[in-house]
2 protein chains.
Amino acid sequence: MRHVVALDKAYRLLNHGPVTLISAAANGRRNVMTAAWAMPLDLSPTKVAIVIDKSSFTRELIEASGRFVINLPSVKIAEAVLAVGLESGRELDKFERHGLETLPADRIEAPLIAGCVGWLECTLIAEPHTQQTYDLLLGEVLAASADSRVFRDAHWEFGEHADLRTLHYVAGGQFFVTGEAIEVRPHQA
Amino acid sequence: MRHVVALDKAYRLLNHGPVTLISAAANGRRNVMTAAWAMPLDLSPTKVAIVIDKSSFTRELIEASGRFVINLPSVKIAEAVLAVGLESGRELDKFERHGLETLPADRIEAPLIAGCVGWLECTLIAEPHTQQTYDLLLGEVLAASADSRVFRDAHWEFGEHADLRTLHYVAGGQFFVTGEAIEVRPHQA
(Lines give C-alpha, C1' and ligand atoms only; values in the text may rest on other atoms or scores of the structure.)
Protein backbone atom coordinates (compact mmCIF):
# COMPACT_ATOMS: atom_id res chain seq x y z
CA MET A 1 0.00 0.00 0.00
CA ARG A 2 2.98 2.28 0.67
CA HIS A 3 4.71 3.10 -2.61
CA VAL A 4 7.81 5.06 -3.50
CA VAL A 5 7.33 8.65 -4.70
CA ALA A 6 9.92 10.00 -7.14
CA LEU A 7 12.12 12.56 -5.43
CA ASP A 8 11.34 15.28 -7.95
CA LYS A 9 7.64 14.92 -7.14
CA ALA A 10 8.05 14.57 -3.38
CA TYR A 11 7.27 18.27 -2.77
CA ARG A 12 3.70 17.51 -3.90
CA LEU A 13 3.13 15.63 -0.66
CA LEU A 14 3.64 18.85 1.29
CA ASN A 15 2.62 21.52 -1.21
CA HIS A 16 -0.96 21.96 0.00
CA GLY A 17 0.14 22.91 3.50
CA PRO A 18 -0.97 19.97 5.66
CA VAL A 19 -0.05 19.57 9.32
CA THR A 20 2.82 17.14 9.85
CA LEU A 21 4.22 14.76 12.42
CA ILE A 22 7.99 14.93 12.75
CA SER A 23 9.70 11.73 13.88
CA ALA A 24 13.33 11.28 14.78
CA ALA A 25 15.62 8.75 16.45
CA ALA A 26 19.13 8.81 17.91
CA ASN A 27 21.15 6.74 20.37
CA GLY A 28 18.41 4.16 20.78
CA ARG A 29 15.69 6.70 21.57
CA ARG A 30 12.91 7.96 19.36
CA ASN A 31 10.18 10.58 19.40
CA VAL A 32 7.38 12.14 17.41
CA MET A 33 5.84 15.61 17.57
CA THR A 34 3.35 17.70 15.67
CA ALA A 35 4.58 20.53 13.42
CA ALA A 36 2.17 22.74 11.53
CA TRP A 37 5.02 24.87 10.22
CA ALA A 38 6.54 22.84 7.41
CA MET A 39 6.88 23.63 3.72
CA PRO A 40 8.80 22.68 0.58
CA LEU A 41 11.92 24.76 -0.04
CA ASP A 42 13.29 23.55 -3.36
CA LEU A 43 12.51 21.11 -6.15
CA SER A 44 15.87 19.88 -7.31
CA PRO A 45 17.17 18.49 -5.09
CA THR A 46 13.96 18.42 -3.08
CA LYS A 47 14.38 20.39 0.11
CA VAL A 48 12.06 21.24 2.98
CA ALA A 49 11.90 23.70 5.86
CA ILE A 50 10.36 22.98 9.28
CA VAL A 51 10.16 24.91 12.53
CA ILE A 52 11.08 22.88 15.63
CA ASP A 53 11.53 24.51 19.01
CA LYS A 54 15.00 24.16 20.51
CA SER A 55 13.56 22.99 23.83
CA SER A 56 11.90 19.95 22.25
CA PHE A 57 13.20 16.39 22.54
CA THR A 58 12.60 15.89 18.82
CA ARG A 59 14.97 18.79 18.07
CA GLU A 60 17.65 17.11 20.20
CA LEU A 61 17.21 13.82 18.29
CA ILE A 62 17.27 15.58 14.91
CA GLU A 63 20.45 17.46 15.71
CA ALA A 64 22.09 14.31 17.17
CA SER A 65 21.25 12.10 14.18
CA GLY A 66 21.06 14.67 11.38
CA ARG A 67 17.88 12.97 10.16
CA PHE A 68 14.10 13.34 10.47
CA VAL A 69 10.88 12.18 8.86
CA ILE A 70 8.01 14.44 7.85
CA ASN A 71 4.91 12.24 8.21
CA LEU A 72 1.58 13.41 6.79
CA PRO A 73 -1.20 12.25 9.11
CA SER A 74 -4.75 11.51 7.99
CA VAL A 75 -8.04 12.36 9.69
CA LYS A 76 -8.05 8.87 11.14
CA ILE A 77 -5.31 9.73 13.64
CA ALA A 78 -6.30 13.33 14.36
CA GLU A 79 -6.54 12.67 18.11
CA ALA A 80 -2.96 11.48 18.25
CA VAL A 81 -1.84 14.46 16.10
CA LEU A 82 -3.22 16.80 18.71
CA ALA A 83 -1.87 14.82 21.66
CA VAL A 84 1.74 14.43 20.49
CA GLY A 85 1.86 18.18 19.98
CA LEU A 86 1.02 18.78 23.63
CA GLU A 87 3.37 16.35 25.37
CA SER A 88 7.12 15.96 25.63
CA GLY A 89 8.70 12.65 24.70
CA ARG A 90 11.50 13.09 27.23
CA GLU A 91 9.46 11.52 30.00
CA LEU A 92 7.11 9.17 28.17
CA ASP A 93 6.95 7.07 25.01
CA LYS A 94 4.35 8.85 22.90
CA PHE A 95 4.18 5.93 20.48
CA GLU A 96 3.02 3.52 23.17
CA ARG A 97 0.81 6.02 24.92
CA HIS A 98 -1.17 6.79 21.78
CA GLY A 99 -0.96 3.44 20.05
CA LEU A 100 1.08 4.89 17.21
CA GLU A 101 2.59 2.09 15.19
CA THR A 102 5.70 2.56 13.12
CA LEU A 103 7.19 1.27 9.91
CA PRO A 104 10.88 1.15 9.12
CA ALA A 105 12.04 3.98 6.86
CA ASP A 106 13.84 3.20 3.61
CA ARG A 107 16.91 5.34 4.09
CA ILE A 108 17.15 6.49 7.69
CA GLU A 109 16.83 5.21 11.25
CA ALA A 110 13.91 7.43 12.28
CA PRO A 111 10.59 5.56 12.10
CA LEU A 112 7.68 6.24 9.77
CA ILE A 113 4.35 6.67 11.54
CA ALA A 114 1.59 4.26 10.47
CA GLY A 115 -1.81 5.85 9.87
CA CYS A 116 -0.09 8.58 7.89
CA VAL A 117 -0.53 8.83 4.12
CA GLY A 118 2.81 10.31 3.09
CA TRP A 119 6.39 10.23 4.35
CA LEU A 120 9.46 12.33 3.54
CA GLU A 121 12.75 10.97 4.86
CA CYS A 122 15.14 13.88 5.29
CA THR A 123 18.73 14.71 6.11
CA LEU A 124 19.34 17.92 8.02
CA ILE A 125 21.20 20.63 6.13
CA ALA A 126 23.54 22.14 8.72
CA GLU A 127 22.75 25.84 9.05
CA PRO A 128 23.64 26.61 12.67
CA HIS A 129 22.69 30.29 12.56
CA THR A 130 19.24 29.63 11.10
CA GLN A 131 18.63 26.76 13.51
CA GLN A 132 19.73 28.69 16.57
CA THR A 133 18.17 32.06 15.76
CA TYR A 134 14.84 30.99 14.24
CA ASP A 135 14.35 27.31 15.22
CA LEU A 136 14.18 26.83 11.46
CA LEU A 137 15.56 23.52 10.19
CA LEU A 138 16.27 22.85 6.53
CA GLY A 139 16.43 19.38 5.10
CA GLU A 140 17.05 17.52 1.88
CA VAL A 141 14.65 14.71 1.02
CA LEU A 142 16.44 11.34 0.67
CA ALA A 143 13.36 9.18 0.08
CA ALA A 144 9.63 9.72 -0.18
CA SER A 145 6.65 7.40 -0.11
CA ALA A 146 2.88 7.60 0.08
CA ASP A 147 -0.27 5.57 0.52
CA SER A 148 -1.26 4.46 -2.98
CA ARG A 149 -4.97 4.63 -2.14
CA VAL A 150 -4.81 8.44 -2.00
CA PHE A 151 -1.58 9.52 -3.74
CA ARG A 152 -1.23 8.27 -7.31
CA ASP A 153 0.72 9.54 -10.30
CA ALA A 154 2.23 12.23 -8.09
CA HIS A 155 -1.18 13.66 -7.14
CA TRP A 156 -3.35 13.46 -4.08
CA GLU A 157 -6.73 11.97 -4.97
CA PHE A 158 -8.68 11.43 -1.78
CA GLY A 159 -11.85 10.41 -3.62
CA GLU A 160 -14.07 8.28 -1.40
CA HIS A 161 -11.37 7.88 1.27
CA ALA A 162 -12.69 10.59 3.56
CA ASP A 163 -10.82 9.19 6.56
CA LEU A 164 -7.50 9.33 4.70
CA ARG A 165 -7.65 13.04 3.94
CA THR A 166 -4.87 15.20 5.31
CA LEU A 167 -5.33 17.84 8.01
CA HIS A 168 -4.58 21.55 8.30
CA TYR A 169 -3.99 22.91 11.76
CA VAL A 170 -5.81 25.93 13.12
CA ALA A 171 -5.26 26.15 16.90
CA GLY A 172 -6.31 24.35 20.07
CA GLY A 173 -8.00 21.15 18.91
CA GLN A 174 -9.20 22.70 15.65
CA PHE A 175 -8.25 21.44 12.24
CA PHE A 176 -9.53 21.83 8.73
CA VAL A 177 -9.76 18.72 6.62
CA THR A 178 -8.35 19.00 3.09
CA GLY A 179 -11.39 19.92 0.98
CA GLU A 180 -12.49 19.26 -2.56
CA ALA A 181 -10.15 19.57 -5.52
CA ILE A 182 -10.78 22.27 -8.10
CA GLU A 183 -9.19 22.66 -11.51
CA VAL A 184 -8.53 26.20 -12.69
CA ARG A 185 -7.57 27.44 -16.13
CA PRO A 186 -5.58 30.61 -16.60
CA HIS A 187 -7.81 33.61 -17.10
CA GLN A 188 -7.63 34.93 -20.65
CA ALA A 189 -7.25 38.68 -20.36
CA MET B 1 -15.34 44.50 6.16
CA ARG B 2 -11.54 44.40 6.57
CA HIS B 3 -10.67 44.43 10.25
CA VAL B 4 -7.41 44.52 12.14
CA VAL B 5 -6.06 41.21 13.47
CA ALA B 6 -3.97 41.36 16.66
CA LEU B 7 -0.32 40.69 15.88
CA ASP B 8 -0.07 37.80 18.32
CA LYS B 9 -2.90 36.04 16.47
CA ALA B 10 -1.74 36.91 12.95
CA TYR B 11 -0.05 33.50 12.48
CA ARG B 12 -3.55 31.99 12.51
CA LEU B 13 -4.16 33.47 9.07
CA LEU B 14 -1.39 31.31 7.64
CA ASN B 15 -1.35 28.35 9.99
CA HIS B 16 -3.51 26.04 7.87
CA GLY B 17 -1.14 26.21 4.90
CA PRO B 18 -3.07 28.16 2.26
CA VAL B 19 -1.57 29.34 -1.02
CA THR B 20 -0.61 33.02 -0.93
CA LEU B 21 -0.18 35.99 -3.21
CA ILE B 22 2.92 38.04 -2.44
CA SER B 23 2.72 41.72 -3.34
CA ALA B 24 5.53 44.25 -3.22
CA ALA B 25 6.32 47.77 -4.41
CA ALA B 26 9.45 49.86 -4.81
CA ASN B 27 10.50 52.92 -6.79
CA GLY B 28 7.04 53.50 -8.19
CA ARG B 29 6.63 49.95 -9.46
CA ARG B 30 4.57 47.13 -8.00
CA ASN B 31 3.99 43.43 -8.57
CA VAL B 32 2.16 40.39 -7.33
CA MET B 33 3.01 36.70 -7.61
CA THR B 34 1.75 33.39 -6.29
CA ALA B 35 3.68 31.59 -3.55
CA ALA B 36 2.57 28.22 -2.22
CA TRP B 37 5.61 28.02 0.02
CA ALA B 38 4.85 30.27 2.95
CA MET B 39 4.53 29.51 6.66
CA PRO B 40 4.59 31.08 10.11
CA LEU B 41 8.01 31.11 11.75
CA ASP B 42 7.44 32.58 15.19
CA LEU B 43 4.67 33.88 17.43
CA SER B 44 6.23 36.69 19.39
CA PRO B 45 7.05 38.76 17.50
CA THR B 46 5.12 37.18 14.68
CA LYS B 47 7.45 36.11 11.90
CA VAL B 48 6.96 34.34 8.60
CA ALA B 49 9.04 32.50 6.01
CA ILE B 50 8.39 32.53 2.25
CA VAL B 51 10.25 31.12 -0.75
CA ILE B 52 10.65 33.59 -3.62
CA ASP B 53 12.88 32.82 -6.60
CA LYS B 54 15.76 35.22 -7.09
CA SER B 55 14.92 35.67 -10.77
CA SER B 56 11.46 37.04 -9.99
CA PHE B 57 10.50 40.71 -10.23
CA THR B 58 8.73 40.44 -6.87
CA ARG B 59 11.98 39.38 -5.24
CA GLU B 60 13.68 42.46 -6.69
CA LEU B 61 10.94 44.71 -5.28
CA ILE B 62 11.04 43.02 -1.86
CA GLU B 63 14.80 43.38 -1.57
CA ALA B 64 14.66 47.01 -2.79
CA SER B 65 11.92 48.05 -0.36
CA GLY B 66 12.47 45.61 2.51
CA ARG B 67 8.70 45.06 2.61
CA PHE B 68 6.09 42.62 1.29
CA VAL B 69 2.49 41.58 1.83
CA ILE B 70 1.29 37.99 2.21
CA ASN B 71 -2.25 38.06 0.79
CA LEU B 72 -4.55 35.07 1.31
CA PRO B 73 -6.71 34.64 -1.78
CA SER B 74 -10.18 33.11 -1.78
CA VAL B 75 -11.76 30.67 -4.24
CA LYS B 76 -13.36 33.66 -5.96
CA ILE B 77 -10.05 34.76 -7.50
CA ALA B 78 -8.55 31.31 -8.12
CA GLU B 79 -8.07 32.06 -11.85
CA ALA B 80 -5.95 35.09 -11.06
CA VAL B 81 -3.98 33.12 -8.44
CA LEU B 82 -2.98 30.65 -11.11
CA ALA B 83 -2.26 33.31 -13.73
CA VAL B 84 -0.01 35.57 -11.64
CA GLY B 85 2.08 32.53 -10.78
CA LEU B 86 2.79 31.89 -14.46
CA GLU B 87 3.70 35.38 -15.69
CA SER B 88 6.44 37.87 -14.91
CA GLY B 89 5.51 41.39 -13.89
CA ARG B 90 8.62 42.85 -15.47
CA GLU B 91 6.91 43.23 -18.84
CA LEU B 92 3.26 43.62 -17.95
CA ASP B 93 1.06 44.95 -15.18
CA LYS B 94 -0.53 41.83 -13.72
CA PHE B 95 -3.00 43.89 -11.71
CA GLU B 96 -4.51 45.45 -14.84
CA ARG B 97 -4.31 42.30 -16.89
CA HIS B 98 -6.27 40.25 -14.38
CA GLY B 99 -8.50 42.94 -12.99
CA LEU B 100 -6.91 42.67 -9.56
CA GLU B 101 -7.90 45.64 -7.46
CA THR B 102 -5.81 46.85 -4.58
CA LEU B 103 -6.30 48.47 -1.19
CA PRO B 104 -3.75 50.60 0.60
CA ALA B 105 -1.87 48.75 3.32
CA ASP B 106 -1.84 50.13 6.87
CA ARG B 107 1.91 50.16 7.46
CA ILE B 108 3.75 49.70 4.17
CA GLU B 109 3.76 50.87 0.58
CA ALA B 110 3.07 47.49 -1.02
CA PRO B 111 -0.62 47.12 -1.94
CA LEU B 112 -3.12 44.68 -0.46
CA ILE B 113 -4.95 42.57 -3.04
CA ALA B 114 -8.74 42.87 -3.01
CA GLY B 115 -10.62 39.57 -3.26
CA CYS B 116 -8.30 38.16 -0.64
CA VAL B 117 -9.55 37.35 2.86
CA GLY B 118 -6.40 37.96 4.91
CA TRP B 119 -3.33 40.18 4.72
CA LEU B 120 0.00 40.16 6.54
CA GLU B 121 2.13 43.28 6.07
CA CYS B 122 5.75 42.32 6.59
CA THR B 123 9.22 43.76 6.88
CA LEU B 124 12.07 41.67 5.50
CA ILE B 125 14.53 40.35 8.08
CA ALA B 126 17.91 40.70 6.39
CA GLU B 127 19.51 37.26 6.19
CA PRO B 128 21.65 37.47 3.03
CA HIS B 129 23.01 33.92 3.20
CA THR B 130 19.56 32.34 3.58
CA GLN B 131 18.10 34.55 0.84
CA GLN B 132 20.91 33.88 -1.60
CA THR B 133 21.41 30.17 -0.96
CA TYR B 134 17.82 29.01 -0.52
CA ASP B 135 15.60 31.81 -1.92
CA LEU B 136 14.15 31.76 1.58
CA LEU B 137 12.96 35.13 2.87
CA LEU B 138 12.11 35.75 6.51
CA GLY B 139 9.84 38.56 7.62
CA GLU B 140 8.36 40.14 10.69
CA VAL B 141 4.66 40.97 10.60
CA LEU B 142 4.01 44.70 11.14
CA ALA B 143 0.24 44.64 10.65
CA ALA B 144 -2.42 42.05 9.90
CA SER B 145 -6.02 42.25 8.81
CA ALA B 146 -8.76 39.95 7.57
CA ASP B 147 -12.23 39.83 6.09
CA SER B 148 -14.60 39.86 9.05
CA ARG B 149 -17.11 37.68 7.22
CA VAL B 150 -14.80 34.66 7.49
CA PHE B 151 -12.17 35.48 10.15
CA ARG B 152 -13.60 36.38 13.54
CA ASP B 153 -12.21 36.19 17.08
CA ALA B 154 -8.89 35.07 15.62
CA HIS B 155 -10.44 32.03 13.89
CA TRP B 156 -11.35 31.22 10.33
CA GLU B 157 -15.08 30.42 10.10
CA PHE B 158 -16.00 30.05 6.47
CA GLY B 159 -19.55 28.87 7.24
CA GLU B 160 -21.84 29.56 4.31
CA HIS B 161 -19.24 31.68 2.47
CA ALA B 162 -18.08 28.92 0.15
CA ASP B 163 -16.59 31.41 -2.31
CA LEU B 164 -14.46 33.02 0.41
CA ARG B 165 -12.68 29.84 1.43
CA THR B 166 -8.92 29.79 1.09
CA LEU B 167 -7.00 27.61 -1.38
CA HIS B 168 -4.23 25.05 -1.11
CA TYR B 169 -2.03 24.60 -4.16
CA VAL B 170 -1.32 21.21 -5.66
CA ALA B 171 0.29 21.68 -9.11
CA GLY B 172 -0.68 22.82 -12.60
CA GLY B 173 -4.12 24.37 -12.26
CA GLN B 174 -5.07 22.14 -9.34
CA PHE B 175 -6.01 23.40 -5.91
CA PHE B 176 -7.76 22.04 -2.89
CA VAL B 177 -10.30 24.23 -1.21
CA THR B 178 -10.05 24.49 2.58
CA GLY B 179 -12.45 21.82 3.81
CA GLU B 180 -14.68 21.41 6.83
CA ALA B 181 -13.52 22.23 10.34
CA ILE B 182 -13.18 19.44 12.88
CA GLU B 183 -12.68 19.72 16.64
CA VAL B 184 -10.48 17.10 18.25
CA ARG B 185 -10.00 16.32 21.93
CA PRO B 186 -6.80 14.84 23.24
CA HIS B 187 -6.93 11.07 23.37
CA GLN B 188 -7.04 9.77 26.94
CA ALA B 189 -4.50 6.97 27.10
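Structure shown above.
Bear in mind that the values here come from a model prediction, so they are computed numbers and not experimental data. (Residues numbered from 1 in each chain as written. Chains lettered and ligands numbered in written order. Predicted model: local features only at pLDDT ≥ 70, side-chain atom pairs only at ≥ 80, totals over all residues. Heavy atoms only, no water.)

J.: Honestly, the overall build of chain A in this entry has me stumped. Any pointers?
T.: If you tally the helices and strands in chain A, you get four helices and 14 strands. The C-alpha atoms of chain A give 16 Å as radius of gyration, which agrees with the globular expectation for 189 residues (16 Å, within 12%). For chain A, the C-alpha atoms occupy an extent of roughly 55 × 35 × 30 Å along the three principal directions. Within the span of chain A, comprising 189 residues, buried residues form 60% of the whole. Sequence separation of 24 or more characterises 67% of the internal contacts of chain A that already satisfy a separation of 6 or more. Total accessible area on chain A stands at roughly 7500 Å², and carbon and sulfur atoms take up 49% of it. Taking the average place of the 18 positive charges on the side chains of chain A and the average place of its 24 negative ones, the gap between the two points comes to 1 Å. (Helix = DSSP H or I, 4+ residues; strand = E, 2+ residues; numbered from the N terminus. Rg over C-alpha atoms; globule rule 2.2 N^0.38 Å. Buried < 20%, exposed > 50% of the residue type's maximum accessible area, 1.4 Å probe, protein only. Contact = heavy atoms within 4.5 Å. Areas by Shrake-Rupley, 256 points an atom, 1.4 Å probe, with all protein chains shown as cover. Lys, Arg positive; Asp, Glu negative; His and termini not counted. Charge placed at Lys NZ, Arg CZ, Asp CG, Glu CD.)

J.: Before we go on, may I ask you to explain unusual backbone geometry in this structure?
T.: As a rule of thumb, non-glycine residues mostly have phi less than zero, and peptide bonds are mostly trans rather than cis. All names here are of chain A. Residue Ser44 is joined to Pro45 through a cis peptide bond whose omega torsion reads -5 degrees. Following the sequence through the fold, Pro45 ends up in the loop between strand 4 (38–43) and strand 5 (46–51). A positive phi angle, close to 50 degrees, is found at Asp153, a residue other than glycine.

J.: Looking at this structure, how should I read the interface of chain B and chain A?
T.: For an interface, size is often stated in terms of accessible area lost upon the parts coming together. Taken together, the contacts link 55 residues of chain B with 55 residues of chain A. With both chains or domains summed, chain B and chain A bury close to 5000 Å², and 62% of this area falls on carbon and sulfur atoms. The largest per-residue losses of area from chain B upon contact with chain A belong to Trp37, Tyr134 and Phe176 of chain B, which jointly make up 15% of the total buried on that side. Connecting chain B to chain A are two salt bridges. The shortest N-O distance in the salt bridge between Arg165 of chain B and Glu180 of chain A comes to 3.0 Å. (Buried area = accessible area lost by both parts, 1.4 Å probe. Salt bridge = Lys/Arg side-chain N within 4 Å of Asp/Glu carboxyl O.)

Interpretation note: all reported values are geometric properties and have no functional meaning in isolation.
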